[in-house]
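A structural walkthrough
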Amino acid sequence: MTQQPHLNTAGFATRAIHVGQEPDPQTGAVSFPIYQTSTFAQFEVGSSQPYDYARSGNPTRTALEQVLASLDGGCDALAFASGLAAETAVLHMLSPGDHVVASDDVYGGTHRLLTKIFSNHGITTTFVDVTDIAAVQAAFLPNTKLLWLETPTNPMLRVADISALSAIAKSHNALTVVDNTFASPYLVQPLALGADIASYSTTKYHGGHSDVIGGALVTNNPELAKKLRYIENAVGSVPAPWDLFLIMRGIKTLSLRMQAHCRNAQAIAEYLEKHPAIEHVYYPGLKSHPQHDLATRQMRMYGGMVSFTVKGGVAAAHRLVESTKLFTYAVSLGGVESLIELPRILTHAAGSAHEIPAHLLRISAGIEETEDLIADLAQALKQSSS
Ligand code: PLP
């Protein structure tokens with residue numbers, strides 16, 4: 001969909017910087033303008049200009065959507081006000097009586113959306129362990145319209161086989177949606193693996209600086225894109241121009257940041273796995289991870305998220321989050337700064353179909369110096385286990 005043919009074969013980092021973002025022909029501005037306007041003058045009665053009212057679209061949104069589509073290898077992309085607004089648009093394609101098969105280990109807000117909101121509109125969901133292919137196959141019903149995957153899963157960091165699972169969904173005439181927020185398009189390309197829609201909280205790695213809320217859907221099916229665009233405009237879950245700009249700016253450094261996030265997460269996981277105060281580490285980049293081989297095939301690197309449990313249970317876990325100095329105790333992920341949290345109390349307080357240990361900690365590795373992060377964990381573990 002890009003009007004810049006010289007970028008069609010360009011690499012990820014080049015497209016992240018240039019797609020949709022030619023210098024402004026009027027002024028030469030290299031940074032894409034923020035079109036802070038609600039309406040657009042119509043120069044003639046009956047003209048078909050690209051923009052009329054900013055809920056339906058604006059040039060800043062178009063620029064972001066072009067780069068989003070390019071990074072996921074999609075034909076089209078839609079930007080939303082939040083990740084949950086994007087998910088809501090997908091679920092609005094369903095009708096009462098439809099059924100969803102979803103990973104039992106999805107983000108708590110996704111679980112809440114399915115079980116507390118869309119359940120009231122006649123949509124039922126079966127949650128299933130997506131690492132068990134036979135269980136996923138068995139969960140399909142004649143009225144199943146959607147397979148909802150998240151990989152790596154949140155917060156247990158299990159890896160779902162997108163190719164195998166989307167093939168099952170296709171054989172049941174159901175669509176596959178992959179919430180690819182944890183991996184970002186830099187690490188995993190869901191559409192190339194057979195998914196119909198890649199869904200994102202762009203609040204996370206795309207934005208990358210913990211200063212904006214946003215969401216996105218990318219697809220390589222023009223009919224789906226048309227339906228979703230209709231829903232977004234009808235429902236009105238659109239992002240603000242300044243937020244679009246921040247996400248577009250974040251995307252320019254996505255590849256560099258992802259490399260640093262992954263390097264730090266790998267080092268942290270390896271450090272924790274050897275630490276005597278640690279009970280278990282969940283990270284796809286560890287050889288001990290049950291889907292390590294699948295992650296190696298499916299992912300460019302293993303991601304910036306690490307979950308783990310400490311010896312000493314809940315009390316030790318609480319002491320740990322209160323003892324770190326560089327890792328901020330906070331929800332969210334994917335920003336330049338490292339965060340630590342307790343999923344049972346924070347991100348998954350809204351509920352989960354999967355059992356989350358009460359003493360599970362989840363780290364979003366930032367891009368600080370690796371040694372500083374490890375030193376901070378070392379001092380915090382000393383305090384929490386004493
Ligand atoms: N998907 C995942 C994996 C998330 O972690 C989150 C938020 O934490 C969301 C979706 C929802 O995104 P947002 O908070 O931008 O609505």
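So, helix α9 (residues 241–251)
Along an α-helix, residues three or four positions apart point the same way, because every turn accommodates 3.6 residues. For α9, a buried count of eight out of 11 residues is recorded, marking the element as mostly surrounded by other parts of the structure. For α9, the complete set of buried residues consists of Pro241, Leu244, Phe245, Leu246, Ile247, Met248, Gly250 and Ile251. Tucked into the core, α9 has its buried residues touching α1 (12–18), α2 (59–71), β1 (76–80) and α10 (254–274).

Structural notes on unusual backbone geometry
Going from threonine 151 to proline 152, the amide bond is cis rather than trans, its omega being -10°. For proline 152, the position within the fold is in the loop between β4 (144–150) and α6 (162–171). The phi angle at asparagine 173 is positive, at roughly 55°, despite the residue not being glycine. Relative to the elements of secondary structure, asparagine 173 occurs in the loop between α6 and β5 (175–179). For asparagine 173, a relative accessible area of 69% corresponds to the exposed category. Within the chain, serine 332 stands out as a residue other than glycine whose phi angle is a positive 80°. Relative to the elements of secondary structure, serine 332 occurs in the loop between β10 (328–329) and β11 (339–341).

Side note on the domain arrangement of the chain
Where the parts come together, the accessible area they lose is often given as the size of the interface. Split by domain assignment, the chain resolves into domain 1 (7–251) and domain 2 (254–384). Taken over C-alpha atoms, the centre of domain 1 sits 26 Å from the centre of domain 2. Each side of the interface is counted separately: domain 1 has 41 residues, and domain 2 has 43 residues. Carbon and sulfur atoms make up 63% of the surface buried where domain 1 meets domain 2, a total of about 3,500 Å² over both sides. At the junction of domain 1 with domain 2, the criterion picks out zero salt bridges. Between the two partners, domain 1 and domain 2, sit 16 residue pairs in polar contact (both at pLDDT 80 or more). With four residues, the single largest contributor to the side of domain 1 that touches domain 2 is helix α7 (residues 184–187). Taken together, the residues of the side of domain 1 that touches domain 2 sort by class into 22 nonpolar, 13 polar and six charged.

Comments concerning the site of the ligand
Taken together, 14 residues lie near the ligand, and Gly83, Asp179, Ser201, Thr203 and Lys204 sit nearest. In the environment of the ligand, an oxygen atom lies 2.9 Å from a nitrogen or oxygen atom belonging to the backbone of glycine 83. Within the side chain of lysine 204, an N or O atom sits 2.7 Å from an oxygen atom of the ligand. Considering the ligand on its own, with 390 Å² of exposed area, one finds that the protein chains cover 91% of that surface. Element by element, the count of residues in the shell around the ligand is highest for helix α3 (residues 83–91), at three residues. When the residues that make up the shell around the ligand are grouped by side-chain class, the tally is three nonpolar, seven polar and four charged.

Cut-offs applied
- Sequence order sets the numbering: in each chain, residues are counted from 1 along the sequence as written.
- Owing to the predicted nature of the model, reporting of local features is limited to residues with pLDDT of at least 70; listing and counting of side-chain atom pairs is limited to 80 or more, with chain, interface and lining totals taken over all residues.
- Only hydrogens and water are set aside; all other atoms, that is, all heavy atoms of the structure, feed into the side-chain values.
- Three exposure classes are used, based on accessible area relative to the maximum for each residue type with a 1.4 Å probe and protein chains only: buried under 20%, partly exposed in between, and exposed over 50%.
- Helix and strand definitions follow DSSP, with helices as H or I runs of at least four residues and strands as E runs of at least two, each counted in order from the N terminus.
- Contact criterion: two residues are considered in contact whenever any of their non-hydrogen atoms come within 4.5 Å of each other.
- The split of the chain into domains comes from an automatic or database domain assignment.
- Put simply, buried area is how much 1.4 Å-probe accessible surface two parts lose in total, over both of them, once they are put together.
- Only one rule defines a salt bridge in this text: a Lys or Arg side-chain nitrogen within 4 Å of an Asp or Glu carboxyl oxygen.
- Under the rule applied, a polar contact is a pair of N or O atoms within 3.5 Å (in protein, one hydrogen donor and one hydrogen acceptor; residues adjacent in sequence only if both atoms are side-chain atoms).
- Side-chain classes are defined by residue name, with Ala, Val, Leu, Ile, Met, Phe, Trp, Tyr, Cys and Pro counting as nonpolar, Asp, Glu, Lys and Arg as charged, and the others, Gly among them, as polar.
- If a single non-hydrogen atom of a residue is within 4 Å of a molecule or strand, that residue counts as near it.
- Here the Shrake-Rupley method, with its probe set to 1.4 Å, supplies the accessible areas, and only the displayed protein chains count as covering residues.

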